[in-house]
Amino acid sequence: MNSSLGNLYTVVCMLNGEAAAFNDSLRNDVKQTFHAKLSTLPPHFTIKEGFKYDGDISDLVSAIETFCQHEKAKPYQIDGYGHFRNDVIFMNVIMSNEAKEMHDKLIDIMDAIPYISFSEKDGKNKDFHVTIASKQIRKFYDRLYEFVNQRPCHFDCQFDNVTIFKWGDRKWDVYRKFPISSE
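Since this is a predicted model, take the numbers as computed values, not measurements.

## What about the nonpolar core?
Core analysis: the biggest nonpolar cluster contains 55 residues, and Val30, Ile47, Leu60, Ile64, Ile78, Leu144 and Phe159 have the highest contact counts within it. The contacts of Leu144, once residues within four sequence positions are left out, are Val30, Phe34, Ile89, Ala133 and Ile137. Leu8, Val12, Met14 and Trp172 belong to the second-largest nonpolar core, a separate cluster that totals six residues.

## What to know about the sheet that holds strand E7 (residues 161-167)
One open sheet holds the four strands; their spatial order is E2-E1-E7-E8, and the pairing between them is antiparallel. The two strands at the open ends of the sheet, each matched to only one other strand, are strand E2 (44-53) and strand E8 (172-179). Strand-to-strand, the axes of this sheet are offset by a mean angle of 20°, without reference to chain direction. In the sheet, E7 pairs with E8 via seven bridges, with the strands oriented antiparallel. Each residue of the ladder has a partner; that of Ile164, found in E8, is Arg176. Helix H2 (residues 58-69) contacts strand E1 (7-14), E2, E7 and E8 of the sheet and is inclined by roughly 40° relative to E8. Of the strands in this sheet, E1, E2 and E7 are in contact with helix H3 (residues 97-111), which crosses E2 at around 5°.

## What about the environment of Leu60?
Within the secondary structure, Leu60 is located in helix H2. Of the residues examined, Leu60 reaches a relative accessible area of 0% and is grouped as buried. Along the backbone, Leu60 and Ala112 are 52 residues apart, and their C-alpha atoms lie at a distance of 9.6 Å. When residues no more than four places from it in sequence are discounted, the contact partners of Leu60 are Val11, Phe51, Met110, Ile113, Tyr115, Ile116 and Ile164.

## So, the pairing of strand E3 (residues 74-84)
Looking at chain direction, E3 and strand E6 (residues 154-159) are connected through six bridges and run antiparallel. Of the residues in E6, the one forming a bridge with Gln77 is Asp156. The pairing of E3 with strand E4 (residues 88-95) spans seven bridges and is antiparallel. Looking at the pairing, Tyr76 lines up with Met95 of E4. Connecting E3 to the antiparallel partner E4 that follows it, the hairpin turn spans three residues, and Arg85 within it adopts a positive phi of roughly 50°.

## Notes on the environment of Asn86
By the secondary structure assignment, Asn86 is in the loop between E3 and E4. Here Asn86 falls in the partly exposed class, since its relative accessible area comes to 30%. Taking the C-alpha atoms as reference points, Asn86 and Ser96, separated by 10 residues in sequence, lie 28 Å from one another. Filtering out sequence-adjacent residues up to four positions away, Asn86 remains in contact with Ile137, Arg138 and Tyr141. A polar side-chain atom of Asn86 sits 3.3 Å from a polar atom in the side chain of Arg138.

## Concerning the packing of H2 against H3
Helices that pack against each other are described as a pair by the angle of their axes relative to one another and the distance between those axes. Running from N to C, H2 and H3 cross one another at 150°; their axes reach a closest spacing of 10 Å. As far as their axial angle goes, H3 and H2 are roughly antiparallel. Regarding H2 and H3, the two cross each other, and that crossing is right-handed. In this structure, H2 contributes Leu60, Ala63, Ile64 and Phe67 to the contact, and H3 contributes Met102, Lys105, Leu106, Ile109 and Met110. Within the contact of H2 with H3, the residues separate by chemical class into eight nonpolar, no polar and one charged.

About the criteria used
Residues numbered from 1 in each chain as written. Predicted model: local features only at pLDDT ≥ 70, side-chain atom pairs only at ≥ 80, totals over all residues. Heavy atoms only, no water. Core = buried A, V, L, I, M, F, W, Y, C linked by side-chain atoms within 4.5 Å. Buried < 20%, exposed > 50% of the residue type's maximum accessible area, 1.4 Å probe, protein only. Contact = heavy atoms within 4.5 Å. Pairing = 2+ DSSP bridges. Helix = DSSP H or I, 4+ residues; strand = E, 2+ residues; numbered from the N terminus. Axes fitted to C-alpha atoms, helices over the stretch in contact; angles between N-to-C directions. Polar contact = N/O pair within 3.5 Å; in protein donor to acceptor, adjacent residues only side chain to side chain. Parallel < 35°, antiparallel > 145°, perpendicular 65-115°, else oblique. Left-handed = near helix turned anticlockwise from the far one by under 90°. Nonpolar A, V, L, I, M, F, W, Y, C, P; charged D, E, K, R; others polar.

As structure tokens, then:
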């Protein structure tokens, strides 16, 4: 990426365990069956969608690190599938009240950072989801949606990390990952 355009970052909560393995397996099957292009990000739900910034993000890193040190992991569920129009298919994320409150607190903290701004798509009232396929799927959307719905999808998960990714050499690389203690 041309440095004059700025660095590209995104902030997410990574899935772990069975839910992550299921999403990876399902995305691989979708890729093999439909030759669909998939995101290079591992399974996650988005906290802050991609943003460009060419300065130092140490204030963002510090804010997230402090937040994660003072929180406890909160539960959420993944249950079934959904879609946006006919170009995004995803696993539904159902946030517990506690997880939603923690998320919204993090949004408030990040929103105070001058180069971070949230839209309807990635602010407090976002549609939480874990993407399965979203790149040029309109021509086979109906078949793809039917394909994924053949697999039961229910997982109990923990909002137990905040991870910053930075766009690298044609893929997203972990920039910093902050665990949130479950104890």
